[in-house]
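Now for the letters of each chain:
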Amino acid sequence: PGEEVAVRVSTPARTRRTCWVPYLEGADTSVGSPSTPAAAELRFRTPRQDGPARTFHVAVTGSDADSGLSPRHAWRTVEHAAARVRAGDTVLIHEGTYLETLRMRATGAPDAPITFRAAPGETVWIEGSGQQRPTAFFLGAMHHIHLEGLRFRHFNHVPHAGGCIRIEGGSGHHIRRCFYDGREKGGYMPNFVTAIGTASLRVENCVMIQGMSVGL
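Residues numbered from 1 in each chain as written. Predicted model: local features only at pLDDT ≥ 70, side-chain atom pairs only at ≥ 80, totals over all residues. Heavy atoms only, no water.

Digging into the overall build of the chain
Assigned secondary structure in the chain consists of 1 helix and 17 strands. Buried positions account for 38% of the 216 residues belonging to the chain. Considering only contacts in the chain between residues 6 or more positions apart, those separated by 24 or more positions represent 70%. (Helix = DSSP H or I, 4+ residues; strand = E, 2+ residues; numbered from the N terminus. Buried < 20%, exposed > 50% of the residue type's maximum accessible area, 1.4 Å probe, protein only. Contact = heavy atoms within 4.5 Å.)

Here's what the structure looks like:
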C-alpha cells in the first residue's frame, strides 16, 4: 500500500526479408533476428488504504452511462457492474430479466467480499437468451464472490463449457438463496454450479430443479 510501481511492457518482434537465393549468391536468407522495441514506462502509486465499500444498483430501466449509485441512477447491465466493482462492494440488482454472461475482473477478500444480490423483495432472473448461452457467471481464479437471491433459467448445456455458474480456481465463494430452473421443453440445461480446483465453496439454501448431473 502506498508504493510507487513502475511497469514497462515490450514484445519480441522480427523484421522479415525476402531473398532470391538463385540470383543473389551468398545472400542472407534468414528472416531476421528478434528485437525488442523500446516501450514507454508506466508509473503509478497504489492507494495507502482501500476505499470505502460501495453499493451499486442495476435496473432494466437504467443506463450504463449513469453513476449506478442509486436506484434512480442505476446501471443497465450487471456485466457493466461486474467490470467496475472492487473488494467490499455490493451490487443490488432490481426486478427484471437480464440476458447476460458475467465475467469477473476483480476479486474480493475474506473481510470484504464482492456481492451480487437481488434487491430486497424483488424478483431477478438471469437468463441464457433462449438457451443460446451456457453460463451466467464465470469466476476464474477469483476469491470471495457472493451471489444471493438470484434466479437462473434458459441456459444451454454445452459439453466441457461448465455450468450456469462456472468456477475455476479461487476460493471463498458463497452462493445463497438462489433458484435454478432446469425445466425446458427441448434440449438440456447445464449444471447449476460447476467448480474445478476451488476451495471453500459454499452453496446454501438454494433450490435446483433438473439440470445436468442433478445441478452440481
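Concerning the sheet that holds strand S11 (residues 151–153)
The strand order S5-S8-S11-S14-S17 describes an open sheet built from 5 strands, whose pairing is parallel. The two strands at the open ends of the sheet, each matched to only one other strand, are strand S5 (96–99) and strand S17 (207–209). Recorded for the sheet is a direction-independent mean angle of 20 degrees between the axes of neighbouring strands. By the bridge criterion, 3 bridges tie strand S14 (residues 179–181) to S17 in an arrangement that is parallel. The residue bridging Asp181 from the neighbouring strand is Ile209, located in S17. (Pairing = 2+ DSSP bridges. Axes fitted to C-alpha atoms, helices over the stretch in contact; angles between N-to-C directions.)

Focus: the packing of aromatic side chains
To describe a pair of aromatic rings, one takes the distance between the centres and the angle between the planes. Counting across every chain of the model gives 6 aromatic pairs. Considering the side-chain rings of Phe137 and Phe152, the 6.4 Å spacing of their centres and the 75 degrees angle between planes classify their relative orientation as edge-to-face. In this pair, Phe137 is assigned in strand S9 (residues 137–140) and Phe152 in strand S11, connecting sequence segments 15 residues apart. A relative accessible area of 0% means that Phe137 is categorised as buried. (Phe/Tyr/Trp six-rings, centres within 6.5 Å; stacked < 30°, edge-to-face > 60°.)

Thoughts on the sheet that holds strand S7 (residues 114–118)
If you walk across this open sheet you meet the 6 strands as S3-S4-S7-S10-S13-S16, and the pairing is parallel. Of all strands in the sheet, those bounded by a partner on one side alone are strand S3 (55–58) and strand S16 (202–204). Each neighbouring strand pair of the sheet contributes to a mean axis angle of 10 degrees, computed without reference to strand direction. With 3 bridges joining them, strand S13 (residues 174–176) and S16 adopt parallel strand pairing. If you follow Ile175 over to S16, its bridge partner there is Val203.

Description of the side chain of His57
Along the chain, His57 turns up in strand S3. The class of His57 is buried, set by a relative accessible area of 9%. A polar side-chain atom of His57 sits 2.9 Å from a polar atom in the side chain of His94. Discounting residues that sit within four places of it in the chain, His57 has contacts with Gly68, Leu69, Ser70, Pro71, Ala74, Trp75, Leu92 and His94. (Polar contact = N/O pair within 3.5 Å; in protein donor to acceptor, adjacent residues only side chain to side chain.)

Some thoughts on the pairing of S5
Side chains of S5 alternate between two faces, with Gly96 and Tyr98 buried and Thr97 and Leu99 left unburied. Where S5 and strand S8 (residues 124–127) come together, 4 bridges link them in parallel fashion. In the sheet register, Gly96 faces S8, and the bridge partner there is Val124.

Describing the nonpolar core
One recurring pattern in soluble globular proteins: nonpolar side chains tend to sit buried together. One finds Phe116, Phe137, Leu150 and Phe152 to be the most contacted residues of the largest nonpolar core, which totals 37 residues. For this core, the elements supplying multiple residues, two or more each, are S3, helix H1 (78–82), strand S4 (90–93), S7, S8, S9, strand S10 (145–148) and strand S12 (165–168). Those residues in contact with Phe137 that sit more than four places away from it in its chain are Leu102, Phe116, Ile126, Leu147, Leu150, Phe152, Cys164, Ile165 and Arg166. (Core = buried A, V, L, I, M, F, W, Y, C linked by side-chain atoms within 4.5 Å.)

Coordinates in, geometry out; function isn't part of it.
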